[in-house]
Amino acid sequence: MTFTEATPEDLPHLLALQKICYRQEAEIYQDFNIPPLTQTLESINQDIKQQLFLKAEAEGKFIGSVWGCLEDDTCKIGRLIVHPDFQNQGVGTQLMCAIESAFPKAKRYELFTGYQSLNNLFLYQKGIQWISSGENEFFGGTGISREEALKSQEYEKYMDTAF
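Residues numbered from 1 in each chain as written. Predicted model: local features only at pLDDT ≥ 70, side-chain atom pairs only at ≥ 80, totals over all residues. Heavy atoms only, no water.

A. Structural detail: the environment of Lys-19. Tracing the chain through its elements places Lys-19 in helix α1 (residues 11-29). Separated by 18 residues in the primary sequence, Lys-19 and Leu-37 place their C-alpha atoms 5.2 Å from one another. (Helix = DSSP H or I, 4+ residues; strand = E, 2+ residues; numbered from the N terminus.)

B. Fine view of the environment of Gln-46. Inspection of the secondary structure puts Gln-46 in helix α3 (residues 41-50). In sequence terms Gln-46 and Pro-8 are 38 residues apart; their C-alpha atoms lie 9.7 Å from each other.

C. Quick peek at helix α4 (residues 91-101). Within α4, 10 of the 11 residues are buried, which leaves the element mostly enclosed by the surrounding structure. Within the sequence span of α4, burial applies to Val-91, Gly-92, Thr-93, Gln-94, Leu-95, Met-96, Cys-97, Ala-98, Ile-99 and Glu-100. (Buried < 20%, exposed > 50% of the residue type's maximum accessible area, 1.4 Å probe, protein only.)

D. Layout of the nonpolar core. Grouped together as the largest cluster of nonpolar side chains are 19 residues, with contacts concentrated most on Val-66, Ile-77, Leu-95 and Ile-99. When residues of this core are traced back to their parent elements, those giving at least two are β2 (52-58), β3 (61-71), β4 (74-82), α4 and β5 (108-113). Of the residues forming this core, the biggest block, 5 residues, is contributed by α4. Among the nonpolar cores identified, the runner-up in size contains 16 residues, and Leu-17, Cys-21, Ile-34 and Ile-81 belong to it. (Core = buried A, V, L, I, M, F, W, Y, C linked by side-chain atoms within 4.5 Å.)

Keep in mind these numbers describe shape, not what the thing actually does.
Okay, structure coming up:
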């Protein structure tokens, strides 16, 4: 499995993967008009110009991705996706570590997920001290952030051995 920066040529594949992955979220909320499912190739091409996209590949197939950008001292993380066939195998955790490592100057990491997205909430909170804070318009979502000073020793150990 490899983790590298995505290129514009990768976007059709990542968009298709995004639609597969977010279908699970849409089913939870019974809303199939969520932005990740309605996003166009033109739109994602604009996003890659403003954010870092990382991709995970295994045996030549795209199996995951995450986006991130730095705003002031906060790394904004978005659209963490893992193909359903590769979930619960550490891919999402490794993508989270990779996107955080890509922004070493960040003092805070922030993302949003739906309040009923229990698998997502579990992933974001296991081994890492994340803080729930506020709401977002996306699924009435929960904002989750992690301050640099709050890194747990377990997380530091994982970061040292993850790659």
